[in-house]
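Here is what each chain is made of, one letter per residue.
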Amino acid sequence: MSVISSKAPEVLPTGAAVLGCRRQLEVALDIATAVLVVAMMGLMIALPGHEAGPFHIMFLAVAIAYGYRMWPVIPTICATLVITVLAGWLMVTHASEGRLASPELAEIPLMPLVLLVMVWHGHRRMAAVEQLKAMAGRQLDAIDREREFFRDASHAIRTPVTIARGHLELVETAVLEDEVRSDLSVAMLQLERMSALSNRLLAVARLDSGGALSKQPTDLGALVHEMAANWSANTDRIWRIRTFPTGVMRADPEWIEITLDALIENAVNFTPIGGVIRLGCVRIGDRCIVEVGDSGPGIEPDDLPHVFDRFWHRKPPYGAMGTGLGLSMARSAAMAHGGTLSVRNDPPGGAVFTLELPAT
């Protein structure tokens with residue numbers, strides 16, 4: 001049996017309601033400021049010879065109200081002139097009657113000048129904030145367009161690449177001359193690069209959109225040890241692996257694997273046959289640190305700032321040309337986890353990539 005509640009549905013405040021509430025607060029502040037100004041004028045009339053106190057309080061109240069409620073420039077200047085003229089007329093009148101000391105008259109131009117200077121700086125700041133908002137909006141639009149381009153480009157590349165590979169695989173089964181088969185191998189290699197580029201473009205778009213991570217309890221030390229065992233099966237290089245228990249952390253194991261694959265693949269491509277590749281993992285305090293080092297030629301000092309740039313790469317001396325997205329994607333994944341990825345040259349030779357992730 002269904003039960004129908006007679007309770008009225010809860011109505012959430014809309015943007016119009018919030019705007020109306022804010023408008024009411026601004027009107028209340030305007031009325032309170034006007035009442036205070038009139039009250040201070042009355043005190044100046046009632047207390048001849050003591051006008052300085054109410055005069056200062058009046059302008060102080062206007063300045064405080066202006067901090068919460070920026071009035072347009074022209075009305076603000078007009079209101080300031082009216083207050084100054086009325087208060088100044090009272091002070092000049094009382095000074096001429098001998099009730100007010102003449103030096104007090106110096107306050108008449110000074111207080112409105114201070115207020116108007118504050119108004120000027122307030123509007124300059126507001127204009128600067130509006131410019132920053134406009135710049136931020138344009139930058140966000142550009143980022144959104146870049147993400148859409150990555151998604152569209154990756155999808156657009158996939159279909160023709162898949163069709164071309166299918167036809168070339170059919171041709172590959174036929175009896176071909178050595179020269180033709182060599183050309184066919186080159187074409188297949190380039191299609192594989194395009195396929196990898198398409199997949200990584202799509203992955204980058206997903207990662208940049210903030211919706212790609214699926215965090216779950218992950219033992220980083222065990223994951224690094226497993227990947228090290230898989231890669232070290234290649235015995236043409238010397239592998240030095242040191243992993244320590246890191247405990248369980250919240251991370252996306254798929255993206256951690258993609259990150260480590262990119263770092264280790266880069267080390268392999270820049271390490272000569274018989275060279276040394278170092279892989280280590282340790283937990284220090286609230287950080288888990290993974291290092292991947294190689295005994296290759298290292299990175300030129302001029303190239304260090306560009307290592308993680310998208311589509312920037314050098315021809316690896318011991319591997320195939322990459323897509324220029326692997327290291328960039330690895331750094332994006334590290335940042336999405338709240339961590340960092342950095343690189344440095346090791347004094348004995350080679351490069352060292354350091355991945356730091358929060359352990360908590």
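It should be noted that the structure appears before, not after, this text.
Residues numbered from 1 in each chain as written. Predicted model: local features only at pLDDT ≥ 70, side-chain atom pairs only at ≥ 80, totals over all residues. Heavy atoms only, no water.

Student: Explain the packing of helix H7 (residues 253-269) against helix H8 (residues 326-336) to me, please; I cannot follow it from the model alone.
Tutor: For any two helices packed against each other, the geometry is given by the interaxial angle and the distance between the axes. Taken N-terminus to C-terminus, the directions of H7 and H8 make an angle of 140 degrees; their axes are 9 Å apart at the nearest point. Relative to H8, H7 is oriented oblique. Between H7 and H8 the crossing geometry is left-handed. For the pair formed by H7 and H8, the contact residues are Trp255, Ile258, Thr259, Ala262, Leu263 and Asn266 on the first element and Gly326, Leu327, Met329, Ala330 and Ala333 on the second. Looking at the contact of H7 with H8 residue by residue, the classes come out as eight nonpolar, three polar and no charged. (Axes fitted to C-alpha atoms, helices over the stretch in contact; angles between N-to-C directions. Helix = DSSP H or I, 4+ residues; strand = E, 2+ residues; numbered from the N terminus. Parallel < 35°, antiparallel > 145°, perpendicular 65-115°, else oblique. Left-handed = near helix turned anticlockwise from the far one by under 90°. Contact = heavy atoms within 4.5 Å. Nonpolar A, V, L, I, M, F, W, Y, C, P; charged D, E, K, R; others polar.)

Student: Even after reading the chapter, I still don't get the packing of aromatic side chains, so can you show me in this structure?
Tutor: What characterises a pair of aromatic rings is the spacing of the ring centres plus the angle enclosed by the ring planes. As enumerated under the stated definition, the model contains three aromatic pairs in all. Taken together, a centroid distance of 5.0 Å and an interplanar angle of 65 degrees make the contact between Phe55 and Phe59 edge-to-face. Placement of the pair is Phe55 and Phe59 together in helix H2 (residues 52-68), with a separation of four residues, close to one helical turn. Here Phe55 and Phe59 have matching classes, each one buried. One Lys or Arg, Arg124, reaches over the ring of Trp120 and ends 5.0 Å from the middle of that ring. (Phe/Tyr/Trp six-rings, centres within 6.5 Å; stacked < 30°, edge-to-face > 60°. Buried < 20%, exposed > 50% of the residue type's maximum accessible area, 1.4 Å probe, protein only. Lys NZ or Arg CZ within 6 Å of the ring centre and 35° of its normal.)

Student: Explain the packing of helix H6 (residues 220-231) against H7 here, please?
Tutor: Where H6 contacts H7, the two axes come as close as 11 Å, and the packing angle between them is 40 degrees. Viewed along their axes, H6 and H7 adopt a mutual orientation that is oblique. Helix-helix and strand crossings are classified by hand; for H6 and H7 the assignment is right-handed. Together, Leu220, Leu223, Val224, Met227 and Trp231 of H6 and Pro253, Ile256, Glu257, Leu260, Asp261, Ile264, Glu265 and Val268 of H7 make up the contact between the two elements. Residues that form the contact of H6 with H7 fall into these classes: ten nonpolar, no polar and three charged.

Note that all results are geometric; they support no functional claim without further evidence.
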